[in-house]
Amino acid sequence: MFRTHTCGELRLSDVGKKVTLSGWVQRTRDKGSLLWIDLRDRYGITQLMLEEGISEQHLLEKARHLGREYVIKVTGTVSERSSKNPNIPTGEIEIMLSDIELLNASKLPPFTIEDKTDGGDELRMKYRYLDLRRNPLKHNLALRHRLAIETRNYLDSQGFYEIETPYLIKSTPEGARDFVVPSRMNPGEFYALPQSPQTFKQILMVAGYDRYFQIVRCFRDEDLRADRQPEFTQIDCEMAFVTQEDVLNTFEGMARFLFEKVKGIDVGTFERMDYATAMKMYGSDKPDIRFGMQFVELNDLAQNKGFSIFDDAELVVGFNAAGCSEYTRKQLDALTDFVKKPQIGAKGLVYVKCNADGTFKSSVDKFYSEDDLKIWAERFDAKPGDLMLILSGNTDSVRKQLNELRLEMGNQLGLRNPQVFKPLWVTDFPLLEWNEETQRFYAMHHPFTSPKPEDIHLLENEPGKVRANAYDMVINGVEVGGGSIRIHDRDLQKKMFSLLGFSDEEAQNQFGFLMNAFEFGAPPHGGIALGFDRLTALIAGYDSIRDFIAFPKNNSGRDVMIDSPSTIAQQQLDELFLKVTAVSK
Ligand code: ASP
């Protein structure tokens, strides 16, 4: 028998019991007459001890030869510790050893396996199995597990079936490149790995499985931005005979259930905001509504007073930073530098301090009188002691820039507490997005998204104005998921493909299977997919998803532990009828 208990289990009430434990040596402390070993497993750490004169000499000898991460099995008697450690659950006891069996030795680990490690990112990824022994990662994976189980519980209780869809499929356009897999049995042909099970889940609706879900891996060959993984997991769902309202309510219910179950908190009813309002008030389609600082537009008050930068701008817009009138020159310069960073791209920042004595001090005093600034302050709802921050320029860009500044101020002022959760539905996204470079429309969500019925008449002549029955779940400024009511009519789907620049032939070739299915009684349907890695990280209060995935890839899309991707043998290439013509590394 390897163990009677785990290393996280024994308490004062177990004193006197003879126990056997197995685990890894976290460390040994040899004080000469006393020797302690911290033994670790998935469940915790238990202190083991030996005493010169009492313990058998050969055990002390054996213990002195144990290195970090050696795997041992020990037997002994639970006793009360004289100096207790209140920081760990087993901190009141220790095991007086009567036997030590070495199960396996270990090389010296390349970094310390403690809560705080000295290992850099790449090293920890290379030895992921060692990193995974650390508590922070264990907690993350435990949370992930719990969330998966509770997701299944909730969706099962709502009548959803968990149904698997294939990984070897053909291209589904979700805006990214596909990973492809050559087919040996079909020379010259390729499967694509799913960017999402989108078309399959819609076909399941046609098949009558009116509530489907799957916790499923998706693959997208995108240029890796920070915190994107080429393979990631979604909670993918679809429902038939539902309106947008039904979908929102079902998944708001799920999110609330999950927060309740794993965090014990009620995040409350989700706020709702349409896309146009989100862009106008926050400059973002995923606003962080944990704090205010909504945008205030100022064109009518600020233009035509001789300040050419404002006069020439399409939009003059700002927000009020409450309590910030005492910002120093240096702090204001830092904010100006922040908005002028190339990634943000503003030309400059205008500020107006609303002094505590009721006077104003601005960076544009030359152009605006106290009376002017007073009227601005009224519109900003700025009080003495506040600071108004204003940008100007082309509408789309200035909103994006001001969004960055707002988030930066939120950070500086400590208004983005990761343990406070403010969920939001953003609805009524535009159906299409114009791309200047390629001079054509792209689906903002994906080509299966249905236009709002009241906007269908605009499809022909003003497609850019058509709104979709599409929605995103946003929590704390993070897009947790998105979905839409789908097109279920063959002709409308065909029209959509043509708007997106597909010829009839291309559409038939790529999506004939879906359009054919639509001819056999497709019910109205819609759904959503939530990013499971991201949701887990968010609930834990983290930005980065990497440590919520057991075996993630690095920023160049590599798995440094198994060293993949890698070349394959000539014979494999031959079998697949592949010829590698250029390799650049
Ligand atoms: N397939 C979509 C996505 O991956 C989600 C959905 O529309 O249900 O974003």
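Note: the structure precedes this text.
From a predicted model like this one, the values you see are computed outputs, not experimental measurements.

(A) Structural context of the site of the ligand. Neighbouring the ligand are 14 residues, the closest being Gln198, Lys201, His445, His446 and Arg486. The side chain of Ser196 places a nitrogen or oxygen atom 3.1 Å from a nitrogen atom of the ligand. Note that an oxygen atom of the ligand is positioned 3.0 Å from one of the side-chain N or O atoms of Arg220. Against a free-state accessible area of 270 Å², the protein chains account for coverage of 92% of the ligand. Among the secondary structure elements, those contributing two or more residues to the shell around the ligand are helix 5 (198-206), strand 21 (478-485) and strand 22 (525-531). Tallying contributions element by element places strand 22 first for the shell around the ligand, with 3 residues. Across the shell around the ligand, the residue classes tally to 2 nonpolar, 8 polar and 4 charged.

(B) Just the pairing of strand 22, in detail. In terms of burial, strand 22 is a largely internal element, 7 of the 7 residues being buried. In this structure, strand 10 (residues 231-240) lies alongside strand 22, joined through 7 bridges in antiparallel fashion. Across the sheet, Met239 pairs through a bridge with Gly526, a residue of strand 22. The pairing of strand 21 with strand 22 spans 5 bridges and is antiparallel. Bridge pairing in strand 22 places Gly481 opposite Leu530.

(C) Structural context of the pairing of strand 20 (residues 470-475). With respect to burial, strand 20 is a largely interior element, 6 of its 6 residues being buried. Here strand 17 (residues 423-427) runs beside strand 20; their pairing, made up of 5 bridges, is antiparallel. Within the sheet, the bridge partner assigned to Leu424 lies in strand 20 and is Val474. Two strands pair when backbone bridges link them, and strand 20 and strand 21 are joined in this way by 6 bridges, in the antiparallel orientation. By the bridge assignment, Ala470 is partnered in strand 21 with Ser484. Connecting strand 20 to the next strand, strand 21, in antiparallel fashion are 2 residues, including Asn476 with a positive phi near 55°.

(D) Just the sheet that holds strand 1 (residues 18-30), in detail. On the basis of which strands lie adjacent, the closed barrel formed by 5 strands has the order 1-2-3-5-4 and mixed pairing. Put simply, the sheet's adjacent strands are angled 55° from each other on average, direction ignored. Bridge count for strand 1 against strand 2 (residues 34-41) is 6 bridges, and the pairing is antiparallel. The residue bridging Trp24 from the neighbouring strand is Arg40, located in strand 2. Helix-sheet contacts for helix 1 (residues 57-64) involve strand 1, strand 2, strand 3 (44-51) and strand 5 (93-104), and the interaxial angle to strand 5 is about 65°.

(E) Spatial organisation of the nonpolar core. Of all hydrophobic cores here, the largest spans 39 residues; its most connected members are Leu155, Ile235, Cys237, Phe251, Met254, Trp425 and Met473. Listing elements by their share of this core, those giving two or more residues are helix 4 (135-157), strand 9 (211-219), strand 10, helix 6 (244-263), strand 20, strand 21, strand 22 and helix 15 (532-540). If one sorts the elements of this core by residue count, helix 6 sits on top with 7 residues. Excluding residues that lie within four positions of it along the chain, Cys237 makes contacts with Leu155, Phe160, Lys201, Tyr212, Phe213, Phe251, Arg486, Gly527 and Ile528.

(F) Spatial organisation of helix 1. If you check which residues of helix 1 are buried, you get Leu59, Leu60 and Ala63. Summarising the axial view, the buried residues of helix 1 lie within an arc of 100°, below the 170-degree limit, and thus occupy one face. Of the surrounding elements, those touching the buried residues of helix 1 are strand 1, strand 2, strand 3 and strand 5.

(G) Main features of the state of the cysteines. In this structure the tally under the stated criterion is 0 disulfides. Left unpaired, Cys324 is separated from the closest cysteine sulfur, that of Cys354, by 11 Å.

(H) Just helix 13 (residues 490-499), in detail. What helix 13 keeps buried is the set Arg490, Gln493, Met496 and Phe497. Buried residues of helix 13, viewed axially, fall in a sector of 120°; they line one side. On the buried face of helix 13, the contacting elements are strand 18 (432-435) and helix 14 (504-517). Sitting at the amino-terminal end of helix 13 is Asp489, which places a side-chain oxygen 3.2 Å from the backbone nitrogen of Asp491. Phi turns positive one or two residues past the end of helix 13, at Gly501, with a value near 85°.

(I) Focus on the packing of aromatic side chains. The full count for this structure, using the stated rule, is 22 aromatic pairs. Aromatic pair Tyr154 and Phe257: ring centres 5.3 Å apart, planes at 45°, arrangement tilted. With Tyr154 in helix 4 and Phe257 in helix 6, this residue pair connects regions lying 103 residues apart in the sequence. Taking relative accessible area as the criterion, Phe257 reaches 24% and is therefore assigned partly exposed.

(J) Spotlight on the pattern of salt bridges. Counted by the stated rule, this structure contains 44 salt bridges. Of the charged contacts, one joins Arg272 and Glu245 as a salt bridge, the two residues approaching to 2.9 Å between their closest N and O atoms. With Arg272 in strand 11 (residues 271-274) and Glu245 in helix 6, this pair connects stretches of sequence that are 27 residues apart. Two residues, Lys465 and Glu462, come together in a salt bridge whose shortest N-O distance is 2.9 Å. According to the relative accessible area criterion, Lys465 is exposed, its value standing at 53%. On the accessibility criterion, Glu462 (35% relative accessible area) is partly exposed. Linked by salt bridges that have partners in common, Asp121, Arg124, Arg128, Asp131, Arg134, Arg546 and Asp547 make up one network.

Rules used in this analysis
- Residues numbered from 1 in each chain as written.
- Predicted model: local features only at pLDDT ≥ 70, side-chain atom pairs only at ≥ 80, totals over all residues.
- Heavy atoms only, no water.
- Near = heavy atom within 4 Å.
- Polar contact = N/O pair within 3.5 Å; in protein donor to acceptor, adjacent residues only side chain to side chain.
- Areas by Shrake-Rupley, 256 points an atom, 1.4 Å probe, with all protein chains shown as cover.
- Helix = DSSP H or I, 4+ residues; strand = E, 2+ residues; numbered from the N terminus.
- Nonpolar A, V, L, I, M, F, W, Y, C, P; charged D, E, K, R; others polar.
- Buried < 20%, exposed > 50% of the residue type's maximum accessible area, 1.4 Å probe, protein only.
- Pairing = 2+ DSSP bridges.
- Axes fitted to C-alpha atoms, helices over the stretch in contact; angles between N-to-C directions.
- Contact = heavy atoms within 4.5 Å.
- Core = buried A, V, L, I, M, F, W, Y, C linked by side-chain atoms within 4.5 Å.
- Arc of directions from axis to C-beta.
- Disulfide = S-S within 2.5 Å.
- Phe/Tyr/Trp six-rings, centres within 6.5 Å; stacked < 30°, edge-to-face > 60°.
- Salt bridge = Lys/Arg side-chain N within 4 Å of Asp/Glu carboxyl O.

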